[in-house]
Structure formats: structure tokens, C-alpha cells
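A look at the structure
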Amino acid sequence: MIDTHAHFNSKDLKNLKRQIQIIESLTYLDKIINVGLDYQTSKEAAAISLKYPNFYATLGIHPLHSGTISSLKKLYETLDCSKVVAIGETGLDSSTKEDITIQENKFIETINFANEINLPIIIHANNTNKQALEIIKENLPQAGFVFHCFQPNLEIMEEIIGIGGYISVATPITRPTAKKSLEVIKNIPLENLLIELDYPYMSDNPEIDGKNVFNKIKELRHLKYNDLEDILDSNAKRLFKKL
Ligand SMILES: [Zn+2]
């Protein structure tokens, strides 16, 4: 399995090295995309990817974190980014009093950067699916995009799929209250689906949670383990071409 969105960095995790070693030893998980949230965590993600075979990285400024896109460009120019597979996470988050146009401008700047270097982008949209989609439609990411930890909405899902986007689901689909998420899983074309844990934000035990998320999809789509694994892995490799 490929976990398409995790945060292994020294800001989010204690005993980072030990945690990386544990993840590297899990037999069911073969690749992890370690997502940058700001300058420091992006730099660290790139360094971790060079040291640990299963780890890949992204460079990004999360909408709730500070930092400039030009600082990311500098990282991209100066570091070994051979295992940087995407740009982000970027996007919009309404849980702040900050003027949303600041986030919008950074989002657009991030898309332009990703287009310059031909990498896909990872989108964070917290209560902003519609607004984020509008920006995407006007500034189409040339190498593709994913709405990570998708907040379920069938109409938005259709629109994302219609312009070639991907949707990534995480542990919320395993909650007993996840009615809307289950509708998304039942209706999405399988070739547009990705899986993630968003560790440590949406998961406290990647081994158990990973299997639960995977099994939920398997059950809802009546698939065999190996078939679902093949589909999800090839989706991830289609979007994140450097995996
Ligand atoms: Zn994230």
C-alpha cells in the first residue's frame, strides 16, 4: 500500500527517528508521501526521503502556516529533490480569521510553481471545497491534483473527477457517522481514488488505521485485497509519477 499523505517531521512528532524506523518496517506499507507544511518541514521531508527508501516528499506551505512560495522555490533549486513527488499541501482553510485572499493568492502561486516544474499538487480544503475548486478550474494544475482528506460532497466530487482530479480518503471513512463519506466511496470511479492516513493528525496508529481504511473501501466496493491494492497503487503512481 502507498500512504499518499503523512507528516513525519520533528515539529509534529516526538522520537521522529524511531517512528520512521517503525513505519519503514511495516510490511504492508511500501511507500509514504511525507508532506511539507512550511519551509522547515518541507526541507526535512526532502532530507528524510533521501535517507529512508520508503519515504517520498513534498514541498509546501499549508494554508494555516506561514512562509513564502519563493522560499520553496529556493529549496527546490538547492536541495536534492529527486524524491520530491508533489507540491503542497496548499489550499484554503476557513478556520482562521485571516483574510482568505491571502490564502487564495498563495494557493495560486503554488499552482504556478508546480506547473513550472511539472509536479502535481496536494490540496487541503477545510470547509472550502467549492472555493478551492473554483481556483483550480481557473488555474488548472498541469500535472494533476488531489483533494486530500476529502470532505465528502458528491457534487464537488463529480466536478473534481470531471477535470481529472483525484480524491484521497482517510480514517474519517471508518467512523460510524461517516454516511456522506461512504456515498463518496460507493460512487467514485475507482481510478480517481487514493488512500492516506494524514498521520499524526487523522490517525494515532498507522498500522491499524491503514488496514481499517483499506478494508472499508474493499468491503464497500466488493473487491479482493490484491485487486484493490493494485488499483490504489497504480492511481498513486499515475498522479505522483516519481513514486
Ligand atoms: Zn496534511
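Fair warning: this is a prediction, and the values are worked out from it, not measured in the lab. (Residues numbered from 1 in each chain as written. Predicted model: local features only at pLDDT ≥ 70, side-chain atom pairs only at ≥ 80, totals over all residues. Heavy atoms only, no water.)

1. Comments concerning unusual backbone geometry
Rule in force here: For the purposes of this entry, the term helix denotes a DSSP run of H or I that reaches at least four residues, the term strand denotes a run of E that reaches at least two, and both are numbered from the N terminus.
Of note, the amide linkage connecting Gly88 to Glu89 takes the cis form, showing an omega dihedral of 20°. For Glu89, the location among the structural elements is in strand β4 (residues 84–93). Cis geometry is adopted by the peptide bond preceding Pro200, which originates at Tyr199 and carries an omega value of 0°. Secondary-structure assignment places Pro200 in the loop between β8 (193–195) and α8 (206–220). Even without a glycine there, the phi angle at Asn15 is positive, about 50°.

2. A word on the sheet that holds strand β6 (residues 145–147)
To keep things clear, this is the line we draw: What makes two strands pair is DSSP finding at least two bridges between them. For every element, the axis is a line fit to its C-alpha atoms; helices are fit only across the contacting stretch, and the angle between N-to-C directions ranges from 0 to 180 degrees. Any pair of residues with heavy atoms lying within 4.5 Å of one another is described as a contacting pair.
Spatial ordering of the open sheet is given by β1-β2-β3-β4-β5-β6-β7-β8, a layout of 8 strands whose pairing is parallel. Strand pairing shows two members of the sheet lacking a second neighbour, β1 (2–6) and β8, which therefore form its edges. Direction aside, neighbouring strands of the sheet carry axes that sit 30° apart on average. Strand direction decides the pairing type here: strand β7 (residues 166–169) and β8, joined by 3 bridges, are parallel. Opposite Ser168, over in β8, you have Leu194 as the bridge partner. Along the sheet face, helix α4 (residues 100–116) touches β4 and β5 (121–126) and points at about 160° away from the line of β4.

3. Some words on the nonpolar core
Cut-off, in case you're wondering: Within this scheme, the nonpolar core is defined by two criteria: the residues are buried Ala, Val, Leu, Ile, Met, Phe, Trp, Tyr or Cys, and they are joined through side-chain atoms within 4.5 Å. Partly exposed residues are those whose accessible area sits between 20% and 50% of the maximum for their type, while under 20% is buried and over 50% is exposed, using a 1.4 Å probe and protein chains only.
Ranked by size, the top nonpolar core spans 64 residues in total, and within it Phe8, Phe107, Ile121, Phe147 and Ile217 carry the most contacts. Leave out the neighbours within four places in its chain, and Ile217 touches Val169, Ile173, Ile185, Leu193, Ile195 and Leu228. Listed in part, the 14 residues of the second largest apolar core include Val146, Leu194, Leu239 and Phe240.

4. Here's the deal with the packing of aromatic side chains
We count it as follows: Pairing of aromatic rings covers Phe, Tyr and Trp, the last through its six-membered ring, and needs centres within 6.5 Å; plane angles under 30 degrees mean stacked, over 60 mean edge-to-face, and all others mean tilted.
Overall, the coordinates contain 7 aromatic pairs when judged by the stated rule. Summarising the aromatic geometry, the rings of Tyr76 and Phe113 are spaced 6.1 Å apart at their centres and angled 85° between planes, so their arrangement reads as edge-to-face. One end of the pair, Tyr76, is in helix α3 (residues 69–78); the other, Phe113, is in helix α4, with 37 residues separating them in the sequence. The buried category is assigned to Phe113, whose relative accessible area is 2%. For the pair Phe214 and Tyr225, a centre-to-centre distance of 4.6 Å together with 50° between the ring planes defines the contact as tilted. One end of the pair, Phe214, is in helix α8; the other, Tyr225, is in helix α9 (residues 225–239), and 11 residues separate them in sequence. By relative accessible area, which is 3% here, Phe214 ends up buried. Overall, the relative accessible area of 36% leaves Tyr225 in the partly exposed class. Members of the aromatic cluster, each reached through a chain of ring pairs, are Phe8, Tyr52, Phe55 and Tyr199.

5. Topic: the pattern of salt bridges
We count it as follows: Think of a salt bridge as a Lys or Arg side-chain nitrogen and an Asp or Glu carboxyl oxygen that are within 4 Å of each other.
Taken as a whole, this structure holds 6 salt bridges when the rule is applied. As a salt-bridge pair, Lys137 and Glu134 come within 3.6 Å of each other at their nearest N and O atoms. One end of the pair, Lys137, and the other, Glu134, are both in helix α5 (residues 129–138), 3 residues apart, so they sit about a helical turn from each other. Its salt-bridge partner being Lys211, residue Glu207 comes within 3.7 Å of it at the nearest N-O pair. On the criterion of helical spacing, the pair formed by Glu207 and Lys211 is a turn pair, its members being 4 residues apart in helix α8. Taking the relative accessible area as the measure of exposure, Glu207 reaches 34% and is therefore partly exposed. When its relative accessible area of 38% is taken as the criterion, Lys211 is described as partly exposed. What you see here is one network of salt bridges that share partners, running through Glu134, Lys137 and Glu159.

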